[in-house]
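# Architecture at a glance
Spelled out, the chains give:
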Amino acid sequence: MQVIINSIINPVQFILKRRIVFTVFIVFLLAVVSCGKKSEDVKQDQTQKKEFGWSEDLSGISIPDYAIKGSIDGKEVQIAYVNFEKWRGSNDNVLNFSLVKPEQNCGFIENFEGFTLFKKGGEIKQGNWSKAKFTDGPDTYQAFYKSAGNKSAVDWNCSLEIESISEKTAKGKIVIFFNDNTKSWIAGKFEAVICNN
């Protein structure tokens, strides 16, 4: 009788032991895979964070894909309104990133505060343009920011991607770093209202 009981218990114990070992192996394997994935995600996040930050040289830096924002005099600012002015007579093109929204699109903003990228006597066209280093010539472009009635007069670099321009809007991404003491900047994606002046 004992022999019969042992012959039944031993295979059951063997099967249970195999299931336990198999379950432990699967749990271990899942833990290793998920840890490896988290490690890769952390490395990727660190690389992305490392790629973007105030820099004297924009070579190889990707424009961030978040909504446009910036920093003036060490304080982070939110952009409330973006317009793309096309001046018919002078053929100047201007991108304005304002901290306040006018009463109506293309309306005058008294005491403008924000960022401006200005191209004298030429179009800002669909495509990419960059001034990678502070020391690079600006071509016919100017960039500055205004805050508390003061206009910046420092070196700057810029990377601009205009993805589309229609009769009413221009969409794109931009980054500008200013070589001031507080490392002012603007970066992100935007949709600008077209203003024909």
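Note that this is a predicted model, so its numbers are computed, not measured.

Rules used in this analysis
Once a new chain begins, its residue numbering starts again from 1 and follows that chain's sequence as written. Reporting in this predicted model follows two pLDDT cut-offs: at least 70 for local features of residues, and 80 or more for side-chain atom pairs to be given and counted; totals over whole chains, interfaces and linings ignore these cut-offs and use all residues. Based on all heavy atoms of the structure, the side-chain values leave hydrogens and waters out of the count. Any Phe, Tyr or Trp ring, taking Trp's six-membered ring, that has another such ring centre within 6.5 Å forms a pair; planes under 30 degrees apart are called stacked, those over 60 apart edge-to-face, and the others tilted. Every helix listed is a DSSP run of H or I at least four residues long, and every strand listed is a run of E at least two residues long, numbered separately from the N terminus. When a residue's accessible area, from a 1.4 Å probe over protein chains only, is under 20% of the maximum for its type it is buried; when over 50% it is exposed; and in between it is partly exposed. Only when the NZ atom of a Lys or the CZ atom of an Arg is both within 6 Å of the ring centre and within 35 degrees of the ring normal do we say a charge sits over the ring. The term nonpolar core refers to a set of buried residues drawn from Ala, Val, Leu, Ile, Met, Phe, Trp, Tyr and Cys, joined through side-chain atoms within 4.5 Å. Pairs of residues are marked as contacts when any of their non-hydrogen atoms sit within 4.5 Å.

## Some thoughts on the packing of aromatic side chains
Evaluation of the coordinates by the stated rule reveals 8 aromatic pairs. Between W129 and Y141 the ring centres are 3.8 Å apart and the planes differ by 25 degrees, which places this aromatic pair in the stacked class. With W129 in strand 6 (residues 127-131) and Y141 in strand 7 (residues 141-147), the pair connects residues that are 12 residues apart, well separated along the chain. This pair shows no difference in class: W129 is buried, exactly as Y141 is. Ring pairs connect the aromatic residues W54, F134 and F177, which therefore count as one cluster. We note K86 situated over the ring of F84; from NZ or CZ to the ring centre the distance is 5.5 Å.

## Thoughts on the nonpolar core
In terms of nonpolar packing, the biggest core is built from 27 residues, with F97, L117 and F190 touching the most fellow members. Counting only elements with at least two residues in this core, the list comes to strand 3 (81-86), strand 4 (93-98), strand 5 (114-119), strand 7, strand 9 (156-165), strand 10 (169-178) and strand 11 (185-196). For F97, the residues in contact, after removing those within four places along its chain, are I68, I79, Y81, V82, F112, E113, G114, F115, I174, I186 and F190. Counting 8 residues, the second-largest nonpolar core is a separate cluster that includes I61, I63, V175 and F177.

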